[in-house]
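Topology and contacts: notes
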Amino acid sequence: MTTAALGGPGVPPMPERTPRALRDAIAQHAPQLLADFDAHWKRDIADAYDIAPVPAFMARWWGEYAIARDPLLEQKVHRLEDEAGEASDAARAKALLEEAGHLRRAARQTEPGW
């Protein structure tokens, strides 16, 4: 099992890996994401007659929630991305973005219950 959490005891567990459970967890623990989650769902999933986009949708929002539920992890990812945007050295910016990307990929691998 993988966990990207840095914050420990105060970090809520990941929900079941279903759109409804994920939405409920976002509403409860990361409400700042809810409007974008719902808009994305309505735009790409709700009226679709094809469920093919659901795994990509879930992967994106699973990772977003895994980061947002942990204030320390969220702060670290955003700090890395901000520093990359301000870096004057391309190699430094690339390294910062690679580290942030690694954290985002690890967050998407977080298992339910972690």
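Reference entry: report on the structure contained in this document. Owing to the predicted nature of the structure, the values given are computational and were not obtained by experimental measurement. (Residues numbered from 1 in each chain as written. Predicted model: local features only at pLDDT ≥ 70, side-chain atom pairs only at ≥ 80, totals over all residues. Heavy atoms only, no water.)

1. Observations concerning the packing of aromatic side chains
With the rule as written, the count across this model stands at 4 aromatic pairs. Aromatic pair phenylalanine 37 and tryptophan 61: ring centres 5.5 Å apart, planes at 80 degrees, arrangement edge-to-face. Placement of the pair is phenylalanine 37 in helix 2 (residues 34–46) and tryptophan 61 in helix 3 (residues 54–68), with a sequence separation of 24 residues. Accessibility expressed as a relative area gives 2% for tryptophan 61, which makes it buried. (Phe/Tyr/Trp six-rings, centres within 6.5 Å; stacked < 30°, edge-to-face > 60°. Helix = DSSP H or I, 4+ residues; strand = E, 2+ residues; numbered from the N terminus. Buried < 20%, exposed > 50% of the residue type's maximum accessible area, 1.4 Å probe, protein only.)

2. Quick notes on helix 4 (residues 71–86)
With 16 residues, helix 4 ought to run about 22 Å at 1.5 Å a step, and its terminal C-alpha atoms sit 22 Å apart, in line with that. Every buried residue of helix 4 is listed here: Leu73, Val77, Leu80 and Ala84. For helix 4, the arc enclosing every buried residue in end-on projection is 60 degrees, short of the 170-degree limit, so these residues lie on one face. In this structure, helix 4 carries Pro71, Gln75, Gly85 and Glu86 as exposed residues pointing more than 90 degrees from its buried face. Packed against the buried residues of helix 4 are helix 3 and helix 5 (90–108). With a side-chain oxygen lying 3.1 Å from the backbone nitrogen of leucine 72, the N-terminal cap of helix 4 falls on aspartate 70. (Expected span 1.5 Å × (residues − 1). Arc of directions from axis to C-beta. Contact = heavy atoms within 4.5 Å. Polar contact = N/O pair within 3.5 Å; in protein donor to acceptor, adjacent residues only side chain to side chain.)

3. Here we look at the nonpolar core
Note on soluble globular proteins: their nonpolar side chains tend to be buried together. Core analysis: the largest hydrophobic core is formed by 26 residues, its most contacted members being Leu22, Ile26, Leu33, Phe37, Phe57, Trp61 and Tyr65. Counting only elements with at least two residues in this core, the list comes to helix 1 (19–29), helix 2, helix 3, helix 4 and helix 5. Per-element tally for this core: the top contributor is helix 3, with 8 residues. When near neighbours in sequence (up to four residues on either side) are disregarded, leucine 33 contacts Ile26, Trp61, Glu64, Tyr65 and Ala68. (Core = buried A, V, L, I, M, F, W, Y, C linked by side-chain atoms within 4.5 Å.)

4. Section: the side chain of histidine 40
Relative to the helices and strands, histidine 40 is located in helix 2. On the basis of relative accessibility, which here comes to 10%, the residue histidine 40 falls in the buried class. In this view, histidine 40 contacts Ile45, Phe57, Arg60 and Trp61; residues no more than four positions away in its chain are not counted.

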